Amino acid sequence: MKINKFAIAIFAATVLFSSCKKSPDTTSPDETTPTSNSLYSVWVTTAAGSSYLLTADNLMKDTLLTPNNNQGIDITSHLPAAFYAIYAYAYEGKYYLSNDGTRFSQFEVVNSKSWKETNNYAFPGNFYLGKVLKDISTKDEMVMTKTAGTTNKVKNVLEQPIYFMNINNMTINKTIGIEIPMITFNPKTPEGKDHNPYIVPTSFTQRGDKLFVGHKYRSNETRKDIIDTAYMYVCDYPSLANGKIIKDGRGGFAAGHWEVQTLTFTDDNNDLYIVTKKTDAATYGLLRIKAGQTTFDPDYFFDLKDYNVFSNNISQVQKLGDGKVYISPFVVDPANKKIVADLRILVGGGESKTTMNFMENGKLYDVFKTDESKWYVYEYDPAKNSVKRGAEIDPGITQVYHLNKLK
């Protein structure tokens, strides 16, 4: 069913080791070791502007998750609410927060009643968490970028660092520097001013011996996206040699922005898909780079202009298995260019509201706000194409940001 409207570039040849120091340790030896009895958490905000983690040992239990009567963990002071969707990340049962841009913190839930900063790292300059490279990250090492690189106008490139962080002790194992060449482009605003464009990386995907970096161009004058063409930088990995820019104008720019949101994915055949978006309308499409190739597939484009994807959130693409992916609120079969299901219909009316959801035992867990303005956790089973309703969330909240697994 359709819902209408919906250098060349050079990588650092030598690995750069960080000399930055961590902030002073805030954990005293006699303090409680963080443990959590809960398996899951729901990150919410209220109309009063407060923010809470609501913990649960079973998201599918018929119960009410609420911050009232001290049932939630108050996290209001740690991060501005506007940043929850974009500069906070859950990884291996812990939370990572950019805070005020000077302190990158690791937090863990303590006995389901509070949370605690268990470690931190102070970058040498302003730092807000950018993309997390899930294809390269491991259980002990989170590979990530920061939101903004440095435009080197002499070399005419964007210099973007990628950090390999040991999450057990919050140290940087190594840093590599990517350099994305700027295209020759000097557009003007309607008032005749130079846009003075800059590059924003939108995705990083490692596939075999190649690294693919989606990026887009924004205006320093208007702070808006300005080119309806998908650009990707491709190079060898891990040598970072043989870099080149590929582009495709059938869709739009490679979607995404500074957030941890990632909108590229590989399927069971190792084909790489890129979500693209037009600059002046909420219209999306999928491009493909076939396995073993480093150019866009000229025979593939899945036009999603008639599907209002990401209409109420900036959720990441979630792979469901068996060739299917969740591009909120739709279950999509990209290889066959099919919409398998609209979860808004399966839940009986409502909108997906999370910016981060998760998979467990082959099932997707997400939060929907129903047409009756009630909030529920739903479990979607891709094998049966069916949903089950789980816990209700206090109707007094205004937004659900993360739905995360702690254990």
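Note that this is a predicted model, so its numbers are computed, not measured.

Caption draft 1: Examining the packing of aromatic side chains more closely. Counted by the stated rule, this structure contains 21 aromatic pairs. Pairing Tyr217 with Tyr231 gives two aromatic rings, centres 5.5 Å apart and planes at 75°, and the pair type is edge-to-face. Taken together, the residues span a long stretch of sequence, with Tyr217 in strand S15 (residues 210-219) and Tyr231 in strand S16 (residues 230-236) at a distance of 14 residues. Residue Tyr217 is classed as buried on the basis of its relative accessible area of 2%. Put simply, the rings of Tyr96, Phe104, Tyr121, Phe123, Phe127 and Tyr163 touch in pairs and so form one group of aromatic residues. If you follow Lys174 out to its NZ or CZ, it ends over the ring of Phe164, 4.5 Å from the centre. The ring of Tyr300 is capped by Lys337, whose NZ or CZ atom sits 5.1 Å from the centre of that ring.

Caption draft 2: Molecular detail of the sheet that holds strand S14 (residues 197-207). If you walk across this open sheet you meet the four strands as S14-S15-S16-S17, and the pairing is antiparallel. In the strand order of this sheet, the two ends are held by S14 and strand S17 (244-248), each with one partner. Here the strands of the sheet are splayed against their neighbours by 30° on average, with no regard to which way each runs. Across six bridges, S15 lies against S16 in antiparallel orientation. Directly across from Val213, in S16, lies its bridge partner Tyr233.

Rules and cut-offs
- Residues numbered from 1 in each chain as written.
- Predicted model: local features only at pLDDT ≥ 70, side-chain atom pairs only at ≥ 80, totals over all residues.
- Heavy atoms only, no water.
- Phe/Tyr/Trp six-rings, centres within 6.5 Å; stacked < 30°, edge-to-face > 60°.
- Helix = DSSP H or I, 4+ residues; strand = E, 2+ residues; numbered from the N terminus.
- Buried < 20%, exposed > 50% of the residue type's maximum accessible area, 1.4 Å probe, protein only.
- Lys NZ or Arg CZ within 6 Å of the ring centre and 35° of its normal.
- Pairing = 2+ DSSP bridges.
- Axes fitted to C-alpha atoms, helices over the stretch in contact; angles between N-to-C directions.

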